[in-house]
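Each chain, written out:
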Amino acid sequence: MGEAQVSLEHLFRVFTKPEHKDSKLAQIEQHLSDNILDFLSQHVVTKKTSLEEIEKDFSDSKVPESPEFVSTHAESLLDKLVAHSVNTYSPTFIGHMTSALPYFHLPLSKLMVGLNQNLVKIETSKAFTPLERQVLGMMHNLVYDQPQGFYDNHLHSAAHSLGAFCSGGTIANITALWVARNKLLGPQKGFSGVAKAGLAAAYRHYGINNLGVMCSKRGHYSLSKAVDVLGLGREQLLTVPAPKQTLDPAKALRIGKRYQEEGNKLLAIVGVGGTTETGHVDPLDELADVAEELGCWFHVDAAWGGATLFSARYRDRLKGIERADSVTIDAHKQMYVPMGAGMALFKDPQNANAVRHHAQYILRAGSKDLGATTLEGSRNGMAMMVYSALHIFGRKGYELLIDRSIDKAKDFAQMIDKAQDFELTTTPILSLLTYRVCPAEVQEKLKHVNAKTRNAINEKIDALVVAVQKQQREAGKSFVSRTRLEAPDYPSQCITVFRVVLANPLTSHNDLAAILAEQHLIAKETQAWKELMDFVRETETVAS
Ligand SMILES: *Cc1c(COP(=O)(O)O)cnc(C)c1O
């Protein structure tokens, strides 16, 4: 069914011509351009189908023998894939950092895909290379705000780079720490440097036991991948407990000093500019001091929060970021660019030379090929989407979006505070917050019990939160995620909480009220609620 003939003629047609005007593909295209929200509401519903059920549609491990007509194939995609995708555009999908995209990215992405430029070298990208360098320059400027002359000298210089464009925050974090590692263990008299000689030789030459990276417990798991990939080992990621969600500078200094006294070297301190779980920002300015005192690299992971710099009102929350040696920003998060757009920015445009690579047929010495200092090889023209978004929104447009998200998070926090059977667990610093469902009676009880009972009650509440989160997701009207963390009110115990990311500009106050009301309704019907109440009524209150 829908099989095309295997002929070169047919394949040439597939390469060169669109199918006829009324083909399924053309219909999809038209429908998408007419109204993406409408398209999504018709095609993207989180149907109750289980993942196991869906796997049956993707179970054949053989490459199909014969070509299929494009239209037939498009139809099957709608049916098997699109219908079971997640509607990240929904204003009530507020559980993750992936949300709605502005419409203009759809047609513009066709330009990017159609041109199929490869940014690894100028021979396959030409104007895209200076464009990408300009984007990195604009983002560098946003973070470091250097004088005009600095950008005149470095923006298009073959011997410098203001940053590395990559597919996301993970690669950006790895790139930043890769540069830091190669700089710290660089060439010296009698040693060719870690990049050439390898880690073992570098440790011998520099007399190092281990090389470590420090962050708080709330640091993103990509840092753990980074120390693994860079050969440092996951045990050398020093994760500092953070009951207040942030890295305590005094603790960081103490732990760093002890680590160094044990014959190790500290490669970097990583401050987070907006943690993934709660949106908290580490005290960047003070951590820059600590890094200075310990003599190590200072990296700021602002994959999520970096875009806050667009806002005059809120950019202060990232104060100290301008002192970082390197900064990670994801454009595919709060800059509303399609996925696959991350950046590592370097304060000193010389630093990326620590990872510069040359090859004869490509990336010749002295060329402006971007591939010489990026971890990835072939890369698409995604920088164009960032370039366009920067122009179409402008700094002021982004400012409005960021301000709106943070204000909305504050508004939601107030709603939660007022709702009697809910408890706010972390207040929003940026546009993230966490909370949990907790009957008023239980909240009261928690104030008057000993630690052991409190822990036991909290475990019952955890079960309730999990049950509500799952049922709400399955009902398919809205989505809130959940995580486990040490909350300020309940130290030395991890509790389960709802996690909300307010990124979609179309999410309204009423949407949020409806989500809360739905959770309340679900909660009261669960077995977990009953068990919690029974348990609490049986527990003794201690005199406080
Ligand atoms: C999202 C995120 C990352 C990882 O970025 P990807 O683009 O998913 O690779 C790293 N750090 C923080 C703080 C993040 O929010």
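These figures come from a predicted structure and were not determined experimentally.

## Observations regarding the overall build of the chain
- Assigned secondary structure in the chain consists of 19 helices and 11 strands.
- Radius of gyration (C-alpha) of the chain: 26 Å, near the 24 Å computed for a compact globule of 544 residues.
- When its C-alpha atoms are laid out on the principal axes, the chain stretches across 75 × 70 × 45 Å.
- Across the 544 residues in the chain, those meeting the buried criterion constitute 52%.

## Regarding the pattern of salt bridges
- Enumeration over the complete set of coordinates arrives at 19 salt bridges.
- Note that Arg323 and Asp285 form a salt bridge whose closest N and O atoms lie 3.0 Å from each other. Note that Arg323 is positioned in the loop between strand S5 (297-301) and strand S6 (326-330) and Asp285 in helix H14 (residues 284-294), a separation of 38 residues in sequence.
- Between Arg313 and Asp407 there is a salt bridge, with the nearest N and O atoms lying 2.8 Å from each other. One end of the pair, Arg313, is in the loop between S5 and S6; the other, Asp407, is in helix H15 (residues 383-418), and 94 residues separate them in sequence.
- Residue classification places Asp407 among the partly exposed residues on the basis of a relative accessible area of 29%.
- Bridged by salt links that share partners, the residues Asp285, Asp289, Glu292, Lys319 and Arg323 form one connected network.

## What about unusual backbone geometry?
- Although it is not a glycine, Asn116 adopts a positive phi angle of roughly 45 degrees.
- Backbone geometry places Tyr336, a non-glycine residue, at a positive phi of 55 degrees.
- Locating Tyr336 in the fold gives a position in the loop between S6 and strand S7 (342-346).
- For Tyr336, a relative accessible area of 4% gives the class buried.

## Quick word on the site of the ligand
- In the vicinity of the ligand, 15 residues are found, and the nearest of them are Gly169, Thr170, Asp301, Asp330 and Lys333.
- Between an oxygen atom of the ligand and a main-chain N or O atom of Gly169, the distance comes to 2.8 Å.
- With respect to the ligand, the side chain of Lys333 contributes an N or O atom lying 2.9 Å from an oxygen atom.
- Of all the elements, helix H9 (residues 169-184) adds the most residues to the shell around the ligand, at three residues.
- The residue makeup of the shell around the ligand, split by class, is three nonpolar, nine polar and three charged.

## Notes on the UniProt feature "modified residue: N6-(pyridoxal phosphate)lysine" (unreviewed entry) in the chain
- With numbering matched to this structure, UniProt assigns "modified residue: N6-(pyridoxal phosphate)lysine" (unreviewed entry) to Lys333.
- In this structure Lys333 comes out as buried when scored by relative accessible area, which is 18%.
- Beyond its immediate stretch of four places on either side in the chain, Lys333 contacts Met97, Ala303 and Trp304.

## Topic: the nonpolar core
- Core analysis: the biggest nonpolar cluster contains 69 residues, and Met335 and Val386 have the highest contact counts within it.
- Ranked by residues supplied to this core, first place goes to H15 with 10 residues.
- Counting the residues that make up this core, at least three belong to each of domain 2 (118-381) and domain 3 (404-543).
- Setting aside anything within four residues of it in sequence, one finds Met335 in contact with Met139, Ala307, Phe310, Ile329, Val386, Ala389, Leu390 and Tyr398.
- Listed in part, the 39 residues of the second largest apolar core include Phe422, Leu446, Leu502 and Leu512.

## Regarding the domain arrangement of the chain
- Domain parsing of the chain yields domain 1 (8-87), domain 2 (118-381) and domain 3 (404-543).
- Computed from C-alpha coordinates alone, the two centres of domain 1 and domain 3 are separated by 39 Å.

## Observations concerning the sheet that holds strand S8 (residues 422-426)
- In space, the four strands of this open sheet follow the order S8-S9-S11-S10, with antiparallel pairing throughout. Only two strands of the sheet have a single partner each, and these edge strands are S8 and strand S10 (481-486). Taking each pair of neighbouring strands and ignoring which way they run, the sheet shows an average axis angle of 45 degrees.
- Alignment of strand S9 (residues 432-437) against strand S11 (residues 494-501), held across four bridges, turns out to be antiparallel. Looking at S11, one finds that Leu432 is bridged to Val501.
- The strands touched by helix H17 (residues 451-475) are S9, S10 and S11; relative to S11, the strand with the most contacts, the crossing angle is about 30 degrees.
- Packing against the sheet, helix H18 (residues 509-525) makes contact with S8, S9 and S11, and its axis sits at approximately 25 degrees to S9.

Calculation rules
Positions within a chain are numbered from 1, following the residues in the order the chain's sequence is written. Owing to the predicted nature of the model, reporting of local features is limited to residues with pLDDT of at least 70; listing and counting of side-chain atom pairs is limited to 80 or more, with chain, interface and lining totals taken over all residues. Water and hydrogen atoms play no part in the side-chain values, which are based on all heavy atoms of the structure. Per the convention used, a helix needs a DSSP run of H or I reaching at least four residues, while a strand needs a run of E reaching at least two, with both numbered from the N terminus. C-alpha atoms define the radius of gyration in this analysis, and the globule rule sets the expected value at 2.2 Å times the number of residues to the power 0.38. Burial classes follow relative accessibility: with a 1.4 Å probe on protein chains only, a residue under 20% of its type's maximum area counts as buried, one over 50% as exposed, and anything between as partly exposed. Basic side-chain nitrogens of Lys or Arg form a salt bridge, by our definition, when they fall within 4 Å of a carboxyl oxygen of Asp or Glu. Throughout, near means a residue has at least one heavy atom within 4 Å of the molecule or strand. As used in this structure description, the phrase polar contact means that two N or O atoms lie within 3.5 Å; if the pair is within protein, one of them must be able to donate a hydrogen and the other to accept it, and residues adjacent in sequence are counted only when both atoms belong to side chains. Classes in brief: Ala, Val, Leu, Ile, Met, Phe, Trp, Tyr, Cys and Pro nonpolar; Asp, Glu, Lys and Arg charged; the others, Gly included, polar. UniProt positions are given in the numbering used here, feature names are shortened, and annotations may be inferred rather than shown by experiment. Note on contacts: a residue pair qualifies if any of its non-hydrogen atoms lie within 4.5 Å across the two residues. Among buried residues, those of type Ala, Val, Leu, Ile, Met, Phe, Trp, Tyr and Cys that are joined through side-chain atoms within 4.5 Å constitute a nonpolar core. All the domain ranges listed were derived from an automatic or database domain assignment. In short, DSSP must find at least two bridges between two strands for them to pair. Between N-to-C directions, angles cover 0 to 180 degrees, with each direction set by a line fitted to C-alpha atoms, over the stretch in contact for helices.

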